[in-house]
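# Examining the three-dimensional arrangement
Okay, here's what each chain looks like letter by letter:
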Amino acid sequence: KRPSAMPCVRFSLGRVPETATAKDAAGLPWGCLVQPLREIVPADPEKLDVCRAEDVARCSSCGGYINGSCVLERARWFCALCGQGNDLTERYEVIQTRSSMYELQRMTIELVSDSYSVPEFDGDVEGHQIIIAVVDVSASDDFVDAVKSGILALLEALPRTALFGLVTVDSHIGVYHMVNDLPHVYNVPLPAKGHDVEVPLYEILPLASFAVPVATHKQFIVAAVEGLASSSTLEGPPRPKQFGLGPALESIWELLGSDDKYVAARVMVFMGSAPNLGNGSLTERADKDEATKPQGGVPQPLAGSQFYSDLADRCADLSLCVDIFAVSETAFCGLEALKPLSVLSGGALLFYTSPESATLPQDLFRMTSHTQAYSGLLRIRCSSGFGVARAHGHLYADQRFDNLFHVTAADPGTTYGIDFEFTSASGVASRPEVPPTVQLAFSYVCVVPNATGGGHQVFTKMRLETHRLEVARSPNDMYPFVDPEVTCALVVHKIIGASLTEGLLEARMLLQDWLVILSARYNQYMNFGQTRTQLDVGFTKFKNMELLPRLIYALLRGPLLDPILVSRDQHTFLQCLYSSVDAAVLRSQVYPCLSGWQDENTIAEENLNLSLATLESKPHKVYLLDSFTDVFVYYTKAAAGELQVPPPQDCQLRQVIQNIKRQRQITPRVSFCQQGEPRAADFLARMVEDPLLETGSSKSKDWAGAAAAGFHPFLEFLRAEVHGFMQTS
């Protein structure tokens, strides 16, 4: 499959507002999504002159990199970001060669700063990648079996040069020494809360002895993994379930810090319940004050949360990535307390509702098969008049340098949100000779297979992407260039932040108010009139904006803002998921993508509205619905006797499904159903534009009731709110 030509940066507005006044008048958020490791088309060295990263000229004033938007003269070049004149280096002196220079001819480029081959392991971790699996063996046999299957799949995808370590946790830390078919396990008792582990792990096994090379010790690793068993089923008198994750992670942090010459380290935590032993013990609050709070209010932090926040800071300092795979066997895992470990370290946080539903083998294999970026630094440079206000996602700001963000780990799908702000009252008009320009710079380390044969290489790379944008002087100039998926993603980042600080109810109100203000501004500047019936709340003037009210409606109906039916663990999982995926994937989760097919090889329509009326009014025989975690293939009665159920493996429909599965962080469940069958109920439940309840009234008196009544009653309620807002503002 050819790499996509899509850029790494997608803007919410294809044009830059001239001033803050112009932006506020439109009612739109302003920013971009950055997917820095997105797969790109590589340069052809026979057609383009590709240099090393340090040879690319940089501006002496702002530090920006030379690019195709810069003006080059005989002896000087002028920065596209700040307009500063710079002397040309030797590389650019010959005018005739500039047309073949990679950095001047491509919007997105990737350059190498350094590289070396990963050495054979000789007892020294330097230059190697380390993966440590931490398994909760206080959980059930079903849980442990699911984890074992996942780790075995993980081993198949790991580079042969990687080093692997295994730790089990219950009331003890089990440290595995995997040097033969019968691995030895050192069991270290875990202390009560407030005490340290008696013996540091690095004194039991040095890091170079604990983490063994996959290339030469794979059979021993497999033997250790296959021998994992739940301690809850051991013979003897029943024991209370104890899971000391906090002390275990702290001990592993000390072990990795004792010899930190490795290229990258990743700790994968597999847990079945909340930690309840030692530092970091978590208990769900059930006191009287918490129970009497209104649903959707500000959640109180879990006791023990601060321990994991502090540990996350220490892991970030060590460039240690922590992944959390929660396979829930209880009603509570405490993921909101563990979340900082994932966010600051760039790790995954995945939540499965049961061992039976866990797709660990597929998810771990896919995650490890992708190129991973480690020790990343991300910077967004902007031209005069505007800059970066804040960044959202699994990264953190540098404490010394402005507008510099640390990315401990990332994969090709990892996405970050960026909010822009104006830095001068005159906006981008302050320097009319410098058109609005945005440049992404992302440096990172990765381990990839050696192109010339066996083994792996470690590369330090720099990815650059430069965008030059036009100016929008009024809302009328902005609306045609709105990207609804990116706009929705930026709004989601804001409401997630509001839900954490103000509660779910306040986040819902923020979302509702924003949609009212946007609709009012749009109607004012489009001059649709002031009467209620004249208002256009579907943004029908611009095709690109018609999806926006549907996305906001679906968010209000969806699980992210549900204060009743969705647990705290599920909310935490959704917050991490929604804040780290690209705009198209987020859209499929918020408002699933429905397409109609004539047969298994012919797609007829895409992006259909999610309603029963759509299914009844269209002549399609098959519908494909992608709702991120579930993919449905729905056969209408017209397909009966004509089309094979399920479809053949070599058809186009199957290829589309396989592409969806390859692109997902969590493997979606694929279901095939036919019209009239009980199995079709789950598919029909995804038709979110229809009423949630049969008794839903079209004259609802609040937002929740309007959303439950269906999309068209929701628009009518929105129209009334917009009319009232415009009358009073």
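Attention in this report is confined to the structure presented alongside it. Numbers given to residues run from 1 along each chain, matching the order in which its sequence is written. Only residues with pLDDT of at least 70 are given local features in this predicted model, and only at 80 or more are side-chain atom pairs given and counted; all residues enter the totals for whole chains, interfaces and linings. Values shown for side chains rest on all heavy atoms present in the structure; no hydrogens or waters enter the calculation.

What follows deals with unusual backbone geometry. A cis amide bond links valine 645 with the next residue in sequence, proline 646, at an omega value of -5 degrees. Unusually for a residue other than glycine, serine 319 sits at a positive phi of about 55 degrees. Only DSSP runs of H or I with at least four residues qualify as helices, and only runs of E with at least two residues qualify as strands; both kinds are numbered from the N terminus onward. Looking at the element boundaries, serine 319 is found in the loop between α9 (305-317) and β14 (320-327). With a phi angle near 75 degrees, phenylalanine 628 is a residue other than glycine that sits in the positive phi range.

On to the side chain of serine 273. You can see serine 273 is positioned in the loop between β13 (264-271) and α8 (288-291). Residue serine 273 is classed as buried on the basis of its relative accessible area, which comes to 5%. Separated by 3.3 Å, the side chains of serine 273 and lysine 241 make a polar contact. By definition, residues are in contact when any of their heavy atoms lie within 4.5 Å. Not counting chain neighbours up to four residues away, the residues in contact with serine 273 comprise Asp136, Lys241, Phe243, Thr330, Phe332 and Cys333. Think of it in three bands: with a 1.4 Å probe and only protein chains considered, a residue is buried below 20% of the maximum accessible area for its type, exposed above 50%, and partly exposed in between. Here a polar contact is taken to be a pair of N or O atoms separated by no more than 3.5 Å, where protein atoms must pair a possible hydrogen donor with a possible acceptor and residues adjacent in sequence count only if both atoms sit in side chains.

Turning to the sheet that holds strand β20 (residues 416-422), a few remarks are in order. Backbone-to-backbone hydrogen bonds join strands into a sheet, with any given pair of strands oriented parallel or antiparallel. Here, strands pair whenever DSSP counts at least two bridges between them. An order of β1-β3-β20-β17 is seen for the 4 strands of this open sheet, with the pairing classed as antiparallel. Single-partner strands in this sheet number two, and they are β1 (9-11) and β17 (386-392). Within the sheet, the average angular offset between the axes of one strand and its neighbour, ignoring direction, is 30 degrees. Bridge count for strand β3 (residues 31-34) against β20 is 4 bridges, and the pairing is antiparallel. The partner of cysteine 32 across the bridge, within β20, is isoleucine 418. Angles shown run from 0 to 180 degrees and are taken between the N-to-C directions of axes, each axis being a line fitted to C-alpha atoms and, for helices, limited to the stretch in contact.

All right, on to the packing of aromatic side chains then. By convention, a stacked pair of Phe, Tyr or Trp rings (six-membered ring in the case of Trp) has centres within 6.5 Å and planes under 30 degrees apart, an edge-to-face pair has planes over 60 apart, and any other such pair is tilted. Across all of its chains, the model carries 19 aromatic pairs by this definition. Measuring from centroid to centroid gives 5.1 Å for phenylalanine 307 and tyrosine 308, while their planes differ by 85 degrees, and the two rings are edge-to-face. This pair shows no difference in class: phenylalanine 307 is buried, exactly as tyrosine 308 is. Note on tyrosine 479 and tyrosine 522: the rings are 5.5 Å apart at their centroids and 70 degrees apart in plane angle, and the pair reads as edge-to-face. Highlighted residues: tyrosine 479 in the loop between α12 (475-478) and α13 (484-501) and tyrosine 522 in helix α14 (residues 504-526), separated in sequence by 43 residues. The class of tyrosine 479 is buried, set by a relative accessible area of 0%. Tyrosine 522 sits in the buried class, given a relative accessible area of 0%. An aromatic cluster of at least three residues, connected via ring pairs, comprises Phe11, Trp30, Phe386, Phe420 and Phe422. As a reminder, the over-ring test applies to NZ of lysine and CZ of arginine, requiring each to be within 6 Å of the ring centre and within 35 degrees of the ring normal. The side chain of arginine 314 reaches across the aromatic face of tryptophan 253, ending 4.8 Å from its centre. Across from the ring centre of phenylalanine 459, 5.2 Å away, lies the NZ or CZ of lysine 461, which sits over that ring.

Secondary-structure assignment places glutamine 457 in strand β22 (residues 456-468). Accessibility expressed as a relative area gives 17% for glutamine 457, which makes it buried. When residues no more than four places from it in sequence are discounted, the contact partners of glutamine 457 are Tyr116, Ser117, Val118, Cys446, Val447, Val448 and Asn450.

Taken together, 6 strands build an open sheet; the order of strands is β7-β22-β21-β16-β19-β18 and the sheet is antiparallel. Each of the sheet's edge strands pairs with one partner strand only, and the pair in question is β7 (108-117) and β18 (396-397). Bridge analysis of strand β16 (residues 373-382) against strand β21 (residues 437-449) gives 7 bridges, and the strand direction is antiparallel. Bridged to arginine 379 within β21 is alanine 441.

This part is about the pairing of strand β8 (residues 129-136). Counting buried positions along β8 gives 8 out of 8 residues, so the element sits mostly inside the fold. Here β8 shows a buried face lined by Gln129, Ile131, Ala133 and Val135 and a second buried face lined by Ile130, Ile132, Val134 and Asp136. Pairing geometry for β8 and β13, over 7 bridges, is parallel. Among the inter-strand pairings, isoleucine 131 is bridged to a residue of β13, identified as arginine 266. Sheet topology note: the β8/strand β9 (residues 163-169) ladder contains 7 bridges and is parallel. Opposite isoleucine 130, over in β9, you have leucine 163 as the bridge partner. Seen with its strands pointing away from the viewer, a crossover is right-handed when the path leading from the first strand over the helix to the second is clockwise. Crossover β8 to β9 through helix α3 (residues 141-157) is right-handed.

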